[in-house]
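Listed below are the residues making up each chain.
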Amino acid sequence: MSSVEQVETLRNAELYEDCKTMAEFILTLDECGKDYLDNEQRLTVYRCLADSTWFLHEYHLAESYYKKLLHSYKQIERTDKNANEPDWIVESKYRQHACLLKLNRLKDALAALESIAFHQRSAKVHLALGQCYQKVGTSTQEATSAYRECLKQNPNALSAYIALLALGGKLSDLLHTHPSAASIHHENQAQQPTPVTVSPLVRQPWFRTLLQADACSASRDFSEASRLYQQIDAQYLPQSTYVLSQLGYMQYLNGDYSQALHSLQRAQQIDPLLLKHMDILAFLIYNECKDNSLEKLVNHLMSLGDNHPETWIAMGYYCLKKNHKPSRTVYLAQKAFALDNTKIQALLLKGLALYKLKRYSDSLSHYKDAVRLVPYCFEGYKGVVDGYLATNRLNDANMFITNAVRTNLKENARAFTLCGQVLAKEASSLDKARVYLEKALAFNPKYTDAVISLVDVYGQLKQQQKSIELLKEHVQMHSDPRIRQLLIENLMKSGGSEEMLQQVVRNYPTAHFERLEREMNDDSSLDGGRFDTGAMGDLDPMCDDVIGESFSDEDL
């Protein structure tokens, strides 16, 4: 058995470290002229080296060897130049593309995939092509075609369905040819695009509901997507970590932090090895001020390895909350972003830490990067607005959030509320603030912060009766004690009837009742100063007291 054949046995036995070492020895002997290799043998050695470094996750080396492998293959003369390339050459090009993605060389990765002949592209190649086209952003049509080809070869590819929906495709266009999808037919099917091959799974109610939920997610209807994922969880797949993690993500995007926390914690309990959206879970625990839970999450993620960005993000929030070290958090967030530059939580965390260090311009820069990365995530916009307000750039804050509600955050109750809060900071724009806050309540009647901010605006506009009517309307549907407190204060200001006051106070917690009773007995008037809804910090932990810690480059 020749030395080249012995190297092949190591690769086939998956002894990749030994295979890599032996292959390098053989190449060295070839290069110094002591044991020449012919073209076929050199090709085999390059293949062994490339595959071994690929499986060892040494992507720089693997890409280099795959490049040499493909170049050597082209040098070999073939009798039939029109013959198909061997399957292992196609796979080598696919792996080369994966290496290039790891090295952030997106265009080179796309070129590697495009070099595969169309008739030799498998479902996974078409899917990877679609993802590359989508990331490059040059042609939506090419990405759509690639995803459709993927579904033609394998109609069960859920990723392709989700990607097509994200590109603006309609669920009915994908499924209208299937008998079980008759309920979502289009009236004029002659104008519909060529349908993809539909998965037999479409006959299953859970799969159709799942695609509907993904369609709502793609159209940024996070509230409806949450409802559908909850339906799947309750009726079909109660232990699915995919469903629960998606449900938690939709609830997070919709601003339902407590529900998102519950969903993601359930997902982690079912699968302790789960990493998806654990960075969001870290933020939610931080936001709920649950230090012990955050420490447990950090220790758990560390046990899974330190090569995951979620681990570093969780550590960053822990340092910010428990150790009060924003400068250390900056380093941890940067570490997470270096591991995965698509992690918006890394940018949000770094922006928050820089804000606490009073490095407002740097904080603004990172929050703006977060907005560009995920333009439908409210938290990025909130960070930009807070940065502008911290530097007394009220007009910039106003223009930024006003533009956001007209473009990327349409029908977003939190965004409209934030817009109203910014406008309410100037007496001349109180009427505009009222309009935005009323729209926020139209989008989400149960959004407490919008109610509180609108009551504050009504008070500044001397519309006391409107404040009372609004609070009476919402006092029954809200468990937040601030609503009842504001109603009592506004009734006392306006000289409300004793019967109404007693009715509200009767349903109010005892401690608050005793305080109010003392104030009433002392004939003291309530000026509402205890609850300032105009302060942006009341609605977000970003505006907690900034820790007085000096920033040093040594901390990085």
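Computed from a predicted structure; not experimentally measured.

Calculation rules
- Residues numbered from 1 in each chain as written.
- Predicted model: local features only at pLDDT ≥ 70, side-chain atom pairs only at ≥ 80, totals over all residues.
- Heavy atoms only, no water.
- UniProt positions renumbered as here; feature names shortened; annotations may be inferred.
- Helix = DSSP H or I, 4+ residues; strand = E, 2+ residues; numbered from the N terminus.
- Axes fitted to C-alpha atoms, helices over the stretch in contact; angles between N-to-C directions.
- Left-handed = near helix turned anticlockwise from the far one by under 90°.
- Contact = heavy atoms within 4.5 Å.
- Nonpolar A, V, L, I, M, F, W, Y, C, P; charged D, E, K, R; others polar.
- Phe/Tyr/Trp six-rings, centres within 6.5 Å; stacked < 30°, edge-to-face > 60°.
- Buried < 20%, exposed > 50% of the residue type's maximum accessible area, 1.4 Å probe, protein only.
- Parallel < 35°, antiparallel > 145°, perpendicular 65-115°, else oblique.
- Expected span 1.5 Å × (residues − 1).
- Core = buried A, V, L, I, M, F, W, Y, C linked by side-chain atoms within 4.5 Å.

### Let's talk about the UniProt feature "repeat: TPR" (unreviewed entry) in the protein
Per the UniProt record, "repeat: TPR" (unreviewed entry) is annotated on residues 241–274 and 344–377. Structurally, residues 241–274 is divided into 79% helix and 0% strand, and its ends, taken at the C-alpha atoms, are 8 Å apart. Its end C-alpha atoms 9 Å apart, residues 344–377 is made of 79% helix and 0% strand.

### Some thoughts on the packing of helix H6 (residues 106–114) against helix H7 (residues 123–136)
A packed helix pair is summarised by two numbers, namely the angle formed by the two axes and the spacing between the axes. The interhelical angle for the contact between H6 and H7, taken along N-to-C directions, is 145°, at an axis separation of 10 Å. Here H6 runs over H7; the crossing is left-handed. Here Leu106, Leu110, Leu113 and Glu114 of H6 lie close against H7, whose contacting residues are Val125, Ala128, Leu129, Cys132, Tyr133, Lys135 and Val136. Residue classes in the contact of H6 with H7 are distributed as nine nonpolar, no polar and two charged.

### Regarding the packing of aromatic side chains
For the structure shown, the criterion picks out 17 aromatic pairs. Measuring from centroid to centroid gives 5.6 Å for Trp206 and Phe207, while their planes differ by 85°, and the two rings are edge-to-face. Trp206 gets classed as partly exposed once you look at its relative accessible area, which sits at 25%. Judged by relative accessible area, which is 3%, Phe207 ranks as buried. A ring pair is formed by Phe222 and Tyr376, whose centres lie 5.9 Å apart and whose planes are at 45°; its orientation type is tilted.

### Observations regarding the packing of helix H14 (residues 257–270) against helix H15 (residues 278–287)
The contact between H14 and H15 brings their axes to 9 Å, and the two run at 130°. Accordingly, the angle class assigned to the pair H14 and H15 is oblique. Note on packing geometry: the crossing formed by H14 with H15 is left-handed. Across the interface between the two elements, Tyr257, Ala260, Leu261, Leu264, Gln265 and Gln268 from H14 touch Met278, Ile280, Leu281, Phe283, Leu284, Ile285 and Asn287 from H15.

### Overview of the environment of Ser467
Looking at where Ser467 falls in the secondary structure, it is placed in helix H26 (residues 464–474). Separated by 20 residues in the primary sequence, Ser467 and Leu487 have C-alpha atoms spaced 8.1 Å apart. Discounting residues that sit within four places of it in the chain, Ser467 has contacts with Val455, Tyr458, Gly459 and Asn490.

### Some points on helix H4 (residues 59–75)
Over its 17 residues, H4 runs 24 Å from end to end, which matches the ideal 24 Å to within 8%, given 1.5 Å per residue. The elements touched by buried residues of H4 are helix H2 (16–31), helix H3 (39–55) and helix H5 (87–102).

### Section: unusual backbone geometry
The backbone of Lys358 sits at a positive phi, close to 65°, despite the residue not being glycine. The backbone of Glu411 shows a phi angle near 60°, a positive value even though the residue is not glycine. In this fold, Glu411 is placed in the loop between helix H22 (394–406) and helix H23 (413–423). In this structure Glu411 comes out as exposed when scored by relative accessible area, which is 63%.

### A short note on the nonpolar core
By size, the foremost hydrophobic cluster in this structure holds 103 residues, and its most contacted members are Tyr229, Tyr252, Leu284, Tyr317, Val385 and Ile401. Setting aside chain neighbours within four positions, we find Tyr252 in contact with Tyr257, Ala260, Ile280, Phe283, Leu284, Gln345, Leu348, Cys377, Glu379 and Arg414. Core analysis: the second largest hydrophobic core is formed by 30 residues, Tyr133, Ala143, Ala146 and Leu164 among them.

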